Amino acid sequence: MKRRRLLADWLVYTALTLAALFTLFPLLMALMNSFKTNGQLLTDVVGLPQSIRFDNYVRTWNKMHYLRSLGNNLYLTVVSVSLIVLLSALAGWRLCRTKTRLSAFLFSLFVFSMLIPFSSIMIPLYRVVLALKLKNSLLGLSFVYTGLGVSMAIFLYHGFVKGIPLELEEAAAIDGCNMRQTFFQIVMPMLTPITATIVITNALWIWNDFLLPLMVISKNEQYTLLLSTNTLFGQYSSDWTAILSALILAAVPVVIFYAFFQRRILEGIADGAVKG
C-alpha cells in the first residue's frame with residue numbers, strides 16, 4: 001500500500017514537473033536568446049549563448065523608452081483597477097441590498113453583458129471612443145477598461161455581499177452612520193478577500209493587454225510596454241534580440257509583483273472562489 005502511494009506521488013510530481021517545464025519553455029528560450037547576437041540567434045536558436053551580453057538590454061531600454069512606458073503602464077493599471085473596484089463594490093452592494101425589480105433587471109444586464117464577445121463590440125467601441133474624444137488619452141483608456149471590467153466585478157461583489165449579515169449595516173444605521181459611512185467603514189473592509197481577487201485579475205489583464213491600447217493610443221509618448229515592444233517589429237526586418245529582451249523587460253514587473261504578493265494572490269483567489 002505504501003509503495004503504491006509512493007509510486008502515485010512520483011507519477012504526479014513527474015507529470016507536474018513536465019507540465020511546468022512545458023509552460024516555462026517559451027520564457028526560458030526568450031531569456032536565453034535575449035543574450036545572443038542576431039547572428040547567433042539565427043544560426044542556433046536552441047543553443048546556449050556564447051557569452052552573457054547585456055548590450056541588447058541597453059539598446060532595448062533606450063529604443064522603447066522603458067521608464068516612460070513603464071510609467072504609462074502603472075498609471076493605466078492603477079487608475080483602471082481603482083475605478084473598477086470602487087464603482088463595482090458600490091454597485092454590487094446596492095444591487096444586492098435593494099430588492100426591487102429594477103435592481104434585479106440591472107443586475108441581469110450586467111451578467112448578460114459578460115456573455116458578449118469583445119470582437120463583436122470592438123468597432124462600435126472604437127466609434128464611441130472617437131465620439132467621446134478619448135483617443136490618445138490614458139485616462140480615456142482607463143474609462144474603457146472600467147466599462148469592460150465592471151460587469152464581472154459587480155457579479156463577484158454581488159455574490160459576496162450576500163454572505164455579509166445585514167444586521168451589521170442595520171446596527172451601523174442605529175449608531176448614526178449614513179450610507180457612505182456604512183459602506184466605507186463596515187462593508188468595504190469585509191469585502192477585502194474578493195477585492196483582492198478582482199484587483200489581481202484585472203491588474204494582470206490590463207497590464208498584459210495589447211489590443212485596446214493599440215486601438216486607442218497612437219502617440220509614442222503614451223505607449224505602454226507592449227506597444228513600445230511592437231515598435232521594434234519592422235516591415236521588412238525585425239531586431240529579434242531586442243524584441244526578446246523587450247519582452248523580458250515587460251515581464252519583469254509582473255514577476256516581481258507575483259513574487260511579493262504570491263501568498264496574498266492565492267488567498268484572494270481561494271476566498272473569492274469559495275465565498276464569491
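Not measured: the values here are computed from a predicted model. Note that residues are indexed from 1 along each chain, following the sequence as it is written. Local features in a predicted model are, by the rule used here, given only for residues with pLDDT of at least 70; side-chain atom pairs are given and counted only at 80 or more, and totals for whole chains, interfaces and linings are based on all residues. No hydrogens and no water enter the side-chain calculation; it runs on all heavy atoms of the structure.

Here we look at the overall build of the chain
Helical segments are the DSSP runs of H or I of at least four residues, strand segments are the runs of E of at least two, and each set is numbered from the N terminus. Per the secondary structure count, the chain includes 13 helices and zero strands. Across the chain, helices and strands are ordered from the amino to the carboxyl terminus as α-α-α-α-α-α-α-α-α-α-α-α-α. By the compact-globule yardstick of 19 Å for 276 residues, the chain is too spread out, its C-alpha radius of gyration being 23 Å. When the backbone C-alpha atoms are referred to their principal axes, the chain occupies close to 75 × 70 × 35 Å. The proportion of buried residues among the 276 residues of the chain is 38%. Contacts are residue-level and defined by heavy atoms, with any inter-residue pair within 4.5 Å sufficient. Residue pairs at least 24 apart in sequence account for 74% of intrachain contacts in the chain once pairs closer than 6 positions are excluded. Only the protein chains shown count as cover for residues, with accessible areas throughout obtained via the Shrake-Rupley method and a probe of 1.4 Å. Of the roughly 16,800 Å² that the chain leaves accessible, carbon and sulfur atoms contribute 69%. For the chain, the distance from the average site of its 22 positive side-chain charges to the average site of its 12 negative ones is 5 Å. When we talk radius of gyration, it's over C-alpha atoms, and the globule rule is simply 2.2 Å times the number of residues to the 0.38. Buried means the residue's accessible area, taken with a 1.4 Å probe over protein chains only, is under 20% of the maximum for its type, while exposed means over 50%, and partly exposed covers the values in between. Charge convention: Lys and Arg are scored as positive, Asp and Glu as negative, and His as well as the terminal groups of each chain are ignored. For the purpose of locating charges, the reference atoms are NZ of Lys, CZ of Arg, CG of Asp and CD of Glu.

Some points on the state of the cysteines
For this text, the term disulfide refers to a pair of cysteine sulfurs within 2.5 Å. For the coordinates displayed, the defined rule picks out zero disulfides. Unpaired in terms of disulfides, Cys 96 finds its nearest cysteine sulfur in Cys 177, a separation of 19 Å. Residue Cys 96 is classed as buried on the basis of its relative accessible area, which comes to 3%. Classification of Cys 177 as partly exposed rests on a relative accessible area of 22%.

A word on the packing of aromatic side chains
Pairing of aromatic rings covers Phe, Tyr and the six-membered ring of Trp, with a centre-to-centre limit of 6.5 Å; geometry is then stacked below 30 degrees between planes, edge-to-face above 60, and tilted otherwise. Counting across every chain of the model gives eight aromatic pairs. Here Phe 35 and Tyr 57 contribute two aromatic rings whose centre-to-centre distance is 5.4 Å and whose plane-to-plane angle is 45 degrees, an arrangement assigned as tilted. You can see Phe 35 sitting in the loop between α1 (2–33) and α2 (38–43) and its partner Tyr 57 sitting in helix α3 (residues 55–63), a full 22 residues away along the chain. Judged by relative accessible area, Phe 35 falls into the buried class, the value being 13%. Judged by its relative accessible area of 12%, Tyr 57 is buried.

A closer look at the side chain of Asn 136
The topology assignment puts Asn 136 in the loop between α6 (118–131) and α7 (138–161). By relative accessible area, Asn 136 is classed as buried at 19%. Those residues in contact with Asn 136 that sit more than four places away from it in its chain are Val 216, Ile 217, Ser 218, Lys 219 and Gln 222.

Overview of the confidence of the model for the chain
Think of pLDDT as the predictor's per-residue confidence, scored from 0 to 100. Taken over all residues, the pLDDT of the chain has a mean of 84, while the share at 70 or more is 92%. Long-range and interchain partners of residues 272–276, a stretch whose pLDDT sits below 50, account for eight contacts in this model, where long-range means more than four residues apart.

Digging into the pattern of salt bridges
We count a salt bridge whenever a side-chain nitrogen from Lys or Arg sits within 4 Å of a carboxyl oxygen from Asp or Glu. According to the stated counting rule, one finds one salt bridge in the structure shown. One salt bridge in this structure joins Arg 97 and Glu 169, with 2.9 Å as the shortest N-O distance. Here the residue Arg 97 occupies a position in helix α4 (residues 66–97), and Glu 169 occupies one in helix α8 (residues 166–174), the gap between them amounting to 72 residues. The class of Glu 169 is buried, set by a relative accessible area of 9%.

A word on the environment of Asn 178
Mapped onto the elements of the fold, Asn 178 is located in the loop between α8 and α9 (179–190). Relative accessible area serves as the criterion here: at 36%, Asn 178 is assigned to the partly exposed category. Distance and chemistry together define a polar contact, namely a pair of N or O atoms within 3.5 Å, with one atom able to donate a hydrogen and the other to accept it when in protein, and with adjacent residues in sequence counting only for side-chain atoms on both sides. There is a polar contact of 3.2 Å between the side chain of Asn 178 and the backbone nitrogen of Arg 180.

Details of a nonpolar patch on the surface
For patch building, the residue pool is restricted to those with more than 30% relative accessible area and no salt bridge; the joining distance is 9 Å between like charges and 5 Å between nonpolar side chains (Val, Leu, Ile, Met, Phe, Trp, Tyr). Where nonpolar side chains cluster on the molecular surface, the patch consists of Leu 102, Phe 105, Leu 106 and Leu 109 and spans about 390 Å² of accessible area. Structurally, Phe 105 is set in helix α5 (residues 101–113).

Considerations on the side chain of Ser 103
As for its position among the elements, Ser 103 is in helix α5. Looking at Ser 103, its side chain comes within polar contact range of the main-chain oxygen of Thr 98, at 2.5 Å. In this view, Ser 103 contacts Leu 95 and Thr 98; residues no more than four positions away in its chain are not counted.

Examining the layout of surface pockets
Only protein atoms enter the calculation, which uses a 1 Å grid: trapped sets of points that fit a 1.4 Å probe without letting it out are cavities, open sets showing protein on both sides within 12 Å along at least five of seven lines are pockets, and any residue with an atom within 4 Å of a point is a lining residue. Grid points are joined across faces, edges and corners, and a volume is the space filled by probe spheres set on the points. Its boundaries defined by the atoms lining it, the largest pocket holds a volume of some 450 Å³. Residue classes in the lining of the largest pocket are distributed as 14 nonpolar, six polar and one charged. Taken as a whole, the second largest pocket spans an internal volume of roughly 250 Å³. Every residue lining the second largest pocket is listed: Leu 74, Thr 77, Val 78, Val 81, Ser 82, Val 199, Ala 203, Leu 204, Trp 207, Pro 253, Val 254 and Phe 257. When residues in the lining of the second largest pocket are grouped by element, the largest group, five residues, is from α4. Three categories are distinguished: nonpolar for Ala, Val, Leu, Ile, Met, Phe, Trp, Tyr, Cys and Pro, charged for Asp, Glu, Lys and Arg, and polar for the others, with Gly belonging to the last.

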